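# Topology and contacts: notes
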Amino acid sequence: MKHTISVLVENHSGVLSRISGLFSRRGFNIESLAVGPTENPEVSRITIIADGDDHTVEQIEKQLNKLIEVIKVKSFRPSDCMARELMLLKVSATAEKRQEIMTICEITESKVIDLTVNTMTLEICDKYDHLVKFVSLLEPYGIVEMVRTGTIAIQRGNETITK
Amino acid sequence: MKMSASKAMVECLKAEGIDTVYGYPGAAICPFFDALLDEENTIRNILVRHEANGGHAASGFARMRGTPQVCIATSGPGAVNLITAIATAYADSIPIIAITGQVATEQIGSDAFQEADITGAAEPFVKHSYLVKDANEIPRIFKEAFYIAGSGRPGPVLIDVPVDVQKAMIDFSYPKSVKIRSYKPTIKGNFMQVKRVAKALKNAKRPLICIGGGVFASNACEEVRKLSEIMDIPVITTMMGISCFNDEDRLFFGMIGTHGVKSANAAANDCDTLLLVGARVGDRAVKTPLALEESTTIIHMDIDPAEIGKNIGTDIPLVGNAKDVLSQLLEQVEPMKHDEWVEHLEKYRKPRKFPKAKKGTVDPRQFIEKLSAAMPADTTVVADVGQNQIWAATSYKLKPGGRFLTSGGMGTMGYSLPCAMGAKMACPDRTSLQICGDGSFQMQFMEMATCVQYGVNVKIVVMTNNRLGMVRELQDIGFNGRKVSVFLDGSPDFVKLAAAYGIPAMRVTDTRSMNKAIDALAGEDRLMLVEVCVDEDAPTL
Ligand SMILES: Cc1ncc(C[n+]2csc(CCOP(=O)(O)OP(=O)(O)O)c2C)c(N)n1
Ligand SMILES: [Mg+2]
């Protein structure tokens, strides 16, 4: 099962390596990891998508909490949070295929951000499942290159990670 | 006050009450050593003969004093040599502060001479670490390091200081308090959980307490003893919990585990409610946690929430500092009697019978048992790793006030002599008795020089079986007797080796020499060595 784990950490050098090291050393599988600053410049937020049963995730949370620079750990159920990921994707597109791809973009609410004689570069920001679908729609045209940020997530409603 | 950062580092140690450090110098840590010289009357610097031993000595010192203690190494090879000690301390939750020199700030990352990314390399084994980039941070970092190492679940903290940072001038004042927003160990137990535990213990027909190293980390021996006494609950221990109870205690049934004693393992099998105190249920202590968890109500008391539910399912978790939580619990409990249960366990206690030893040898267990009867009550026994460790753990009959130290979690050969050295320096009035094998002795005998140089009285006992005995036994049992790389041919004559260091030594080969050696070991407090010749095929249990 996939779990979304949000971690607030002190914005110190070396924090990320402590966290990624902890995952590999304890045999936890990371699917994606995204990190960036928060409203407080001293604090960074890491969103981790990890695979494992409930026992594993409980251990992940507890072990993360033991790191001195970890301020807060919270894991979200999919229904509790909104999750997004940004993807840039370069697809083969000769002149005659462009219109079809434009239609896909329109329906998936993605954008064309670059164009050459034989490729189109698309940008999409959506939830994980939608990105998977988006990729499958474009596969027939030939995907040249793809880059993703990893998922970030925030809670629904008034709730925040620190409550 | 304006001063060099290295002087400030020394001031930090003074402020933390450090009177002994175990260091090994090199270029990248020279400014700090130079500053230590100015304070040599306040802080003894003990030149160990290998950095790992400095770490182990600090560990022994810390375990006896109950406060974080300091080891020092230079950059690169010195720092890397220290890793074994850091990992050993981490596995047993021992508070040590490792201070390492580092190449100059502007050289970091350039593969400079003797550069090693020690904060990176040691990361899996530290509770926390610092690479000091700004000398002005030194007072705060040292204050935090000591606090982190010694509080919550204790553990090693590493401070890596580039040589140019050591030389910088700073304005020094030592902080009075620490503020780390992300680090707040739970000390008191949740009141409702404490009540649940009290009720579960009250309802139990066959309750049992299993103690681990956490009882020492939180100085909770007295509280566990009270609980056991008031509620008439038998007690067993992991290897790390040995010596909280002693072998004269009516309710104590010994060490649990693969290498444990029958009475302890039977107690674990037959109990209906098990209270774990500061014990993490490691695989050597409990081989089949699933079976135990199905048949027993498990109450798990630990300061580290991550230990709860990690190795064994728990019915009642209780997070907090053992001393505090047990005090809370003591307010909730009433006197009970479990005569039938205690009598049941008594049946498993059998006096040891020793087979006649082969000519030229003595039975190691008999030797240790006899020795323990003669030694002063408050002896600190430090066991190494291997058969000798189990012989010591199960045959040394502790008296009230005795203390047992060993590397439990990591099982690091070579731990015992430096640890015994540190323990002796921490408590000069107690006898320090070290027990090791002929294999492990050869990983640490260089520290005899340190003992001689600084007049540290350790009673060294080497169990010679000409084998890496523990592995030999594993090969005999698990590999059809195909013995490989366990023969210690080429070992020196240990009695002569000790003599080369000017250390009096004797060899035990029969009952007469055994009695003579025991008299000497139990007698005058001095540095000495006894080699005990034991059968190469002597079993561990
Ligand atoms: C540093 C280290 N290397 C290897 C081992 C594996 N090991 C465990 S016990 C043992 C044999 C120890 O031999 P010795 O010190 O002679 O003790 P004995 O078992 O013979 O009493 C070995 C090699 C270890 N625990 N630590
Ligand atoms: Mg041996």
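Residues numbered from 1 in each chain as written. Chains lettered and ligands numbered in written order. Predicted model: local features only at pLDDT ≥ 70, side-chain atom pairs only at ≥ 80, totals over all residues. Heavy atoms only, no water.

Let us now look at the overall build of chain B. Counting its secondary structure elements, chain B contains 22 helices and 20 strands. Here chain B has a C-alpha radius of gyration of 24 Å; the compact-globule value for 541 residues is 24 Å, and the two agree. Here chain B holds 541 residues, and 59% of them are scored as buried. A fraction of 77% describes how many contacts in chain B between residues 6 or more apart in sequence connect residues 24 or more apart. Only carbon and sulfur atoms are counted for the fraction: they give 52% of the accessible area of chain B, which is about 21,500 Å². (Helix = DSSP H or I, 4+ residues; strand = E, 2+ residues; numbered from the N terminus. Rg over C-alpha atoms; globule rule 2.2 N^0.38 Å. Buried < 20%, exposed > 50% of the residue type's maximum accessible area, 1.4 Å probe, protein only. Contact = heavy atoms within 4.5 Å. Areas by Shrake-Rupley, 256 points an atom, 1.4 Å probe, with all protein chains shown as cover.)

All names here are of chain B. Spatial ordering of the open sheet is given by S16-S15-S17-S18-S20-S19, a layout of 6 strands whose pairing is parallel. In this open sheet, the two strands that pair with only one neighbour each are strand S16 (403–406) and strand S19 (505–508). Across the sheet, the mean angle from the axis of one strand to that of its neighbour is 20°, orientation sign disregarded. Along the sheet, helix H16 (residues 387–395) contacts strand S15 (380–383), S16, strand S17 (432–437) and strand S18 (458–464); its crossing angle with S17, the most-contacted strand, is approximately 140°. (Pairing = 2+ DSSP bridges. Axes fitted to C-alpha atoms, helices over the stretch in contact; angles between N-to-C directions.)

This part is about the site of ligand 1. Residues and elements named next belong to chain B. In the vicinity of ligand 1 there are 16 residues, among which Gln387, Gly411, Gly439, Ser440 and Gly469 approach most closely. Between ligand 1 and methionine 413 there is a distance of 3.3 Å, counted from a nitrogen atom to a backbone nitrogen or oxygen. Residue aspartate 438 places a side-chain N or O atom 2.9 Å away from an oxygen atom belonging to ligand 1. Surface burial for ligand 1 is 77%, taken as the share of its 580 Å² of free accessible area covered by protein chains. (Near = heavy atom within 4 Å. Polar contact = N/O pair within 3.5 Å; in protein donor to acceptor, adjacent residues only side chain to side chain.)

Our next topic: the coordination of the magnesium ion (ligand 2). Residue and element names in this part refer to chain B. The coordination sphere of the magnesium ion (ligand 2) contains the protein donors Asp438 (OD), Asn465 (OD1) and Arg467 (O), at a distance range of 2.1 to 2.2 Å. Mapped onto the sequence, the residues coordinating the magnesium ion (ligand 2) show the spacing D-x26-N-x1-R. Relative accessible area serves as the criterion here: at 12%, arginine 467 is assigned to the buried category. (Donors = N, O, S within 2.8 Å, 3.2 Å for Na, K, Ca; no water.)

A word on the environment of alanine 204 of chain B. Residue and element names in this part refer to chain B. Summarising the element assignment, alanine 204 is placed in the loop between helix H8 (191–203) and strand S9 (207–211). Sequence separation between alanine 204 and histidine 338 is 134 residues; the distance between their C-alpha atoms is 9.5 Å. Apart from residues no more than four positions distant in its own chain, alanine 204 is found in contact with Asp272, Thr273 and His338.

To continue, consider the pairing of strand S20 (residues 528–533) of chain B. Residue and element names in this part refer to chain B. Counting buried residues along S20, 6 of its 6 residues qualify, which places the element largely inside the surrounding structure. In S20, alternate side chains face the same way, and those of Met528, Val530 and Val532 on one face and Leu529, Glu531 and Cys533 on the other are all buried. In this sheet, S20 lies alongside S19 in parallel orientation, the contact comprising 4 bridges. Within the sheet, the bridge partner assigned to arginine 507 lies in S20 and is glutamate 531. Crossover handedness for the path S19 to helix H22 (residues 511–522) to S20: right-handed. (Right-handed = clockwise from strand over helix to strand, strands pointing away.)

Here the focus is the nonpolar core. Residues and elements named next belong to chain B. Counting 47 residues, the largest nonpolar core has Tyr22, Phe441, Met448, Val458, Ile460 and Leu529 as the members making the most contacts within it. The element that contributes the greatest number of residues to this core is helix H17 (residues 416–426), accounting for 7 residues. With near-sequence residues (within four places) excluded, isoleucine 460 lies in contact with Leu417, Gln434, Phe441, Met448, Leu527, Met528, Leu529 and Val530. Met9, Ile18, Val70 and Ile148 belong to the second-largest nonpolar core, a separate cluster that totals 39 residues. (Core = buried A, V, L, I, M, F, W, Y, C linked by side-chain atoms within 4.5 Å.)

Attention shifts here to the sheet that holds strand S2 (residues 29–37) of chain A. All names here are of chain A. Pairing is antiparallel across the open sheet formed by 4 strands, whose spatial order is S2-S3-S1-S4. Looking along the sheet, the strands with just one partner apiece sit at the ends: S2 and strand S4 (70–76). Neighbouring strand axes in the sheet, compared pairwise and without regard to direction, differ in orientation by 20° on average. The pairing of strand S1 (residues 2–10) with strand S3 (residues 43–51) spans 9 bridges and is antiparallel. The residue of S3 that forms the bridge with leucine 8 is arginine 45. Its contacts with the sheet place helix H1 (residues 15–25) against S1, S2, S3 and S4, and it is angled at close to 15° to S3.

Turning our eyes to something else, we now look at the pairing of S18 of chain B. Residue and element names in this part refer to chain B. Summarising burial for S18: 7 of the 7 residues are buried, a large majority. In terms of strand pairing, S17 meets S18 through 6 bridges, oriented parallel. Across the sheet, residue cysteine 436 finds its bridge partner in S18, namely valine 462. Direction of pairing for S18 relative to S20: parallel, over a ladder of 6 bridges.

So, on to the domain arrangement of chain A. All names here are of chain A. Partitioning chain A into domains gives domain 1 (2–76) and domain 2 (82–152). Spacing between the C-alpha centres of domain 1 and domain 2 amounts to 29 Å. Contact with domain 1, which involves 7 residues of that partner, is made by 5 residues of domain 2. On the domain 1 side of the interface with domain 2, the three residues burying the most area are Ser32, Ala34 and Thr47, jointly 60% of the side's total. (Domains from an automatic or database assignment. Buried area = accessible area lost by both parts, 1.4 Å probe.)

The next thing to look at is the domain arrangement of chain B. All names here are of chain B. Each domain of chain B was delimited in the assignment, giving domain 1 (2–171), domain 2 (191–346) and domain 3 (364–533). Using C-alpha coordinates to define each centre, domain 2 is positioned 30 Å away from domain 3. Facing 12 residues of domain 2, the contacting portion of domain 3 comprises 16 residues. When the buried area of domain 2 at its contact with domain 3 is split by residue, Met239, Asp247 and His259 rank highest and sum to 38% of it. Our count for the domain 2 to domain 3 interface comes out at 0 salt bridges. Linking domain 2 to domain 3 there are 3 residue pairs in polar contact (both at pLDDT 80 or more). (Salt bridge = Lys/Arg side-chain N within 4 Å of Asp/Glu carboxyl O.)

Our next topic: the pattern of salt bridges. Taken as a whole, this structure holds 35 salt bridges over all chains when the rule is applied. Among the salt bridges present, the one from glutamate 85 of chain A reaches arginine 148 of chain A, with a minimum N-O distance of 3.0 Å. Separated by 63 residues along the polypeptide, glutamate 85 of chain A in strand S5 (residues 81–92) and arginine 148 of chain A in strand S8 (residues 143–148) bring together distant segments of the chain. A relative accessible area of 31% means that arginine 148 of chain A is categorised as partly exposed. The residue glutamate 137 of chain B makes a salt bridge to arginine 140 of chain B at a minimum N-O spacing of 2.6 Å. When its relative accessible area of 30% is taken as the criterion, glutamate 137 of chain B is described as partly exposed. On the basis of relative accessibility, which here comes to 33%, the residue arginine 140 of chain B falls in the partly exposed class. Here the residues in one salt-bridge network are Lys66 of chain A together with Arg153, Asp304, Glu307 and Lys310 of chain B, joined through shared partners.

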